[in-house]
Amino acid sequence: MKLCVVIAVVLVVGCQAHSWMSCPPSLDTRPNRGGNTVGPCEREGKTKIVTEVNAGDRLKVGWTSNNHAGGWVRLALVPDGQHKVYEHFEKNVLKIVCYGHDERKGRTAYGDCVHPCNARKGCEFMSNKYDGNRYDTTIKIPYNLKDGVYVLQYMSAMSGHKTFYYSCARLKISGGKPSLPCKRTGKAPVAYGCMAGMAIPLSKYEKNTKMGNFCFAPNGLGDQDADMRKVPVNPECDPRITCQLSVNSKACMKEDSMSKITNAWDPKQTCSGAVRPGPEPTCSDGIKNNGEQMVDCGGPECDACYEEPTEPEDMRIYSSLDFTQKDWEDGNINLRAVVTISKEAYNWTYTMFFTKPVNIKTYWGCKVISSNEYKTIWTFGPMPWTKHVKPGQKISLGFNGKFENDGERPQTVTKSFVEAA
């Protein structure tokens, strides 16, 4: 891969909002530019930049976080000249991937994080389909395109933005075989484990779209990510661009190798030695990766972080359990339960199972018996004066707690009130 033009360095001024494609270089490489909501591409700069690739190559595609988190990115590819019509991109989608968010504990809240938000640096690339929240991906250059110039489109409504932002890059593709049979039907694949945006749902990204008639194998259709561990042709590209885009430039400069980006117009890292895919993630590496729900547990590959509590029918001692939950954007949560007793018992337990950690701080009508390591399962027992219960009696319980608001609210999926020994 080579760029047909190199541009000189300028100083970036001020923090800009929104996002755009930075790997490969977009039509407008100004680091102090804003996002484009008109589309289908931004206005082109004075100098035309074309990234040269061959059929079958993998290409790193990345975007600047600009302090935002959550949402998706739709990538599409059309011949140059067709890129001025929205519908052409809609019918030639490559895939839909995660926009990204800072997965480190406490680093993402209300759809925002501090740029670069743990985005992947230059000389590294996404090599595992479950590691898609670091503001980049790779694409396979189709085998069936005739030689020529094409336009790759990025479309995203990150964080709480209520409109799409568009960015495009020109690719010169060579070595294709247009005679390959590559007719596809249906929509393009969607990445696993994305944090939803706060305003525009996934359905809006998929509306009126279909996957393009692309061949990702030398002899036919193929899977575009079957060789995701193959090193892309542009691994040195660093989509983070510059700390001048960060709301905290000092903190940004402390992030891995940010200080080594010397040209924000053409952001790169100098790769020492051969670039290789990262190590395969495991369920014991101490890192939240591979689509895990928490560190080394949950997700598609690892054991569950918890066992969902069950409620054997013959242990139930209530006829009704009225439950209410209120939660707020500041991470506070209030839970209340009113249990109507149907069977006499001399001891009982009440258990709640949450879809994400909740740290219960105060409670009334009961006492804590236990909580699991991840704060997703809490079990409570009676106070001395509520230990003995009789049919028709009502037990009122209440709880206040905190959760990390990373754009996803906790759900109380199981509530169990049973007789205890």
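Look up a bit, the structure's there.
Analysis parameters
- Residues numbered from 1 in each chain as written.
- Predicted model: local features only at pLDDT ≥ 70, side-chain atom pairs only at ≥ 80, totals over all residues.
- Heavy atoms only, no water.
- Helix = DSSP H or I, 4+ residues; strand = E, 2+ residues; numbered from the N terminus.
- Buried < 20%, exposed > 50% of the residue type's maximum accessible area, 1.4 Å probe, protein only.
- Contact = heavy atoms within 4.5 Å.
- Lys, Arg positive; Asp, Glu negative; His and termini not counted.
- Charge placed at Lys NZ, Arg CZ, Asp CG, Glu CD.
- Phe/Tyr/Trp six-rings, centres within 6.5 Å; stacked < 30°, edge-to-face > 60°.
- Pairing = 2+ DSSP bridges.
- Axes fitted to C-alpha atoms, helices over the stretch in contact; angles between N-to-C directions.
- Salt bridge = Lys/Arg side-chain N within 4 Å of Asp/Glu carboxyl O.

Turning our attention to the overall build of the protein chain. Across its full length, the protein chain carries three helices and 17 strands. A principal-axis box enclosing the C-alpha atoms of the protein chain has dimensions of 80 × 50 × 40 Å. Here the protein chain, with 421 residues, has 52% of them falling under the buried criterion. Contacts in the protein chain between residues at least 24 apart in sequence constitute 75% of all its contacts with a sequence separation of at least 6. The distance from the centre of the 54 positive side-chain charges to the centre of the 45 negative ones in the protein chain is 5 Å.

Attention now moves to the packing of aromatic side chains. This structure, assessed with the given rule, holds 14 aromatic pairs. Considering the side-chain rings of Tyr-99 and Tyr-135, the 5.3 Å spacing of their centres and the 80 degrees angle between planes classify their relative orientation as edge-to-face. Remark: Tyr-135 occurs in the loop between strand 6 (93–98) and strand 7 (136–140) and Tyr-99 occurs in the loop between strand 6 and strand 7; sequence separation between them is 36 residues. A relative accessible area of 0% places Tyr-99 in the buried class. With a centroid separation of 6.4 Å and an interplanar angle of 85 degrees, the aromatic rings of Tyr-318 and Phe-417 are classed as edge-to-face. With a gap of 99 residues between them, Tyr-318 in strand 10 (residues 318–327) and Phe-417 in strand 17 (residues 412–419) connect regions that are remote in the sequence. Taken together through their ring pairs, the aromatic side chains of Tyr-318, Trp-348, Tyr-350, Tyr-363, Trp-378, Phe-380, Phe-399 and Phe-417 make up a single cluster.

Across the sheet, three strands lie side by side as 2-4-7; this open sheet has antiparallel pairing. Either end of the sheet is taken by a strand with one partner, and the two such strands are strand 2 (21–23) and strand 7. With direction set aside, neighbouring strand axes in the sheet form an average angle of 35 degrees. The sheet contact formed by strand 4 (residues 58–63) and strand 7 spans five bridges and is antiparallel. Across the sheet, the residue bridging to Gly-62 is Asp-136, located in strand 7.

Quick look at the pattern of salt bridges now. Under the defined criterion, the tally for this structure stands at 18 salt bridges. For Arg-240, the salt bridge goes to Asp-238, with nearest N and O atoms at 2.8 Å. Residue Glu-419 pairs with Lys-343 through a salt bridge whose shortest N-O separation is 3.7 Å. Pair noted here: Glu-419 is in strand 17 and Lys-343 is in the loop between strand 11 (332–341) and strand 12 (348–354), with a separation of 76 residues, a long-range link. On the accessibility criterion, Glu-419 (28% relative accessible area) is partly exposed.

On their own, these measurements won't tell you what the molecule is for.
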